[in-house]
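Given next are the chains, with one letter for each unit.
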Amino acid sequence: ITTHATIGILIGERVGNPILGFFLGAFSHFICDIIPHGDTQFDALADKTFKNRKAVTYIAATIDYILMLMMLWFLAPTLTLSPSVVATTIGTIVPDMLWAWYDIVKWKIFASYQKLHHDLHKVLPLDIPYWLGLLYQILLVVFLIRIRS
């Protein structure tokens, strides 16, 4: 989520239109999910290790949101939360929020969306270890915030 939000901030700062930004943010999320980033390994580990998948979803999302806020606060103290930046950032994280929501409630209305989102993670037939995906995302966030300033 941190990587998606950072990309959303960069898009939102340049687009200037909240509605366009929201949709560009969501589009960027799906494009970025095509790039292998270790999520499939995390999902497999969570399914195998924990009996309560809902709890894992809550805990992982909470940790990710806290890390996102901390990284942005430390690395981008000059960030201006314009309507475009906020809308675009929301657009970048809504796809994962819908994924988590499906994990929690299992409503059939979200099932086809869940499958599409899951399948996008497998477009490229390459999988990387979870630790490498985390490292890649941290470095990407730091790089993107540095080029922003």
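Predicted, not measured: the structure shown is a model, and the values here were computed from it.

S.K.: Teacher, can you tell me more about the overall build of the protein chain here?
M.R.: When you go through the protein chain residue by residue, the secondary structure sums to seven helices and zero strands. Across the protein chain, helices and strands are ordered from the amino to the carboxyl terminus as α-α-α-α-α-α-α. Across the protein chain, every contact between residues at least 6 apart in sequence was considered, and the portion connecting residues at least 24 apart equals 81%. Per element, the accessible surface of the protein chain, about 9000 Å² overall, is 75% carbon and sulfur.

S.K.: Help me out: how do you make sense of the layout of surface pockets in this one?
M.R.: Leftover empty space is mapped by rolling, across the atoms, a probe with the size of a water molecule. For the second largest pocket, the calculated volume is near 220 Å³. If you trace the second largest pocket, you find 14 residues lining it, with Ile-9, Leu-69, Leu-72, Leu-79 and Leu-81 closest to the centre. For the lining of the second largest pocket, the secondary structure elements donating two or more residues are α1 (2-15), α4 (53-75) and α5 (83-105). Tallied by class, the residues present in the lining of the second largest pocket amount to 13 nonpolar, one polar and no charged.

S.K.: Is there a simple way to explain the packing of α5 against helix α6 (residues 111-120) in this structure?
M.R.: Relative placement of two packed helices is described by the angle separating their axes and the distance separating the axes. Running from amino to carboxyl end, α5 crosses α6 at an angle of 125°, the nearest separation of the two axes being 10 Å. Overall, the two elements α5 and α6 adopt an arrangement that is oblique. Considering how the two elements wind past one another, α5 and α6 form a crossing that is left-handed. On α6, the residues touching Pro-95, Asp-96, Leu-98, Trp-99, Tyr-102 and Asp-103 of α5 are Ala-111, Tyr-113, Gln-114, His-117 and His-118. A per-class count over the contact of α5 with α6 returns six nonpolar, three polar and two charged.

S.K.: I would appreciate a short explanation of α5 in the present structure.
M.R.: For the α-helix, the turn length of 3.6 residues means that residues three or four positions removed from each other point alike. Under the 1.5 Å per step criterion, the end-to-end length of α5 is 30 Å for 23 residues, consistent within 8% with the ideal 33 Å. At Ile-93, α5 shows its maximal kink, close to 35°; a proline, Pro-95, follows between one and four residues later. Phi turns positive one or two residues past the end of α5, at Lys-106, with a value near 55°.

Thresholds applied
Residues numbered from 1 in each chain as written. Predicted model: local features only at pLDDT ≥ 70, side-chain atom pairs only at ≥ 80, totals over all residues. Heavy atoms only, no water. Helix = DSSP H or I, 4+ residues; strand = E, 2+ residues; numbered from the N terminus. Contact = heavy atoms within 4.5 Å. Areas by Shrake-Rupley, 256 points an atom, 1.4 Å probe, with all protein chains shown as cover. 1 Å grid on protein atoms, 1.4 Å probe; cavity = no way out; pocket = protein on both sides within 12 Å on 5 of 7 lines; lining within 4 Å. Points joined across faces, edges and corners; volume = space filled by probe spheres on them. Nonpolar A, V, L, I, M, F, W, Y, C, P; charged D, E, K, R; others polar. Axes fitted to C-alpha atoms, helices over the stretch in contact; angles between N-to-C directions. Parallel < 35°, antiparallel > 145°, perpendicular 65-115°, else oblique. Left-handed = near helix turned anticlockwise from the far one by under 90°. Expected span 1.5 Å × (residues − 1). Bend = angle between axes of the 7 residues up to and from the residue.

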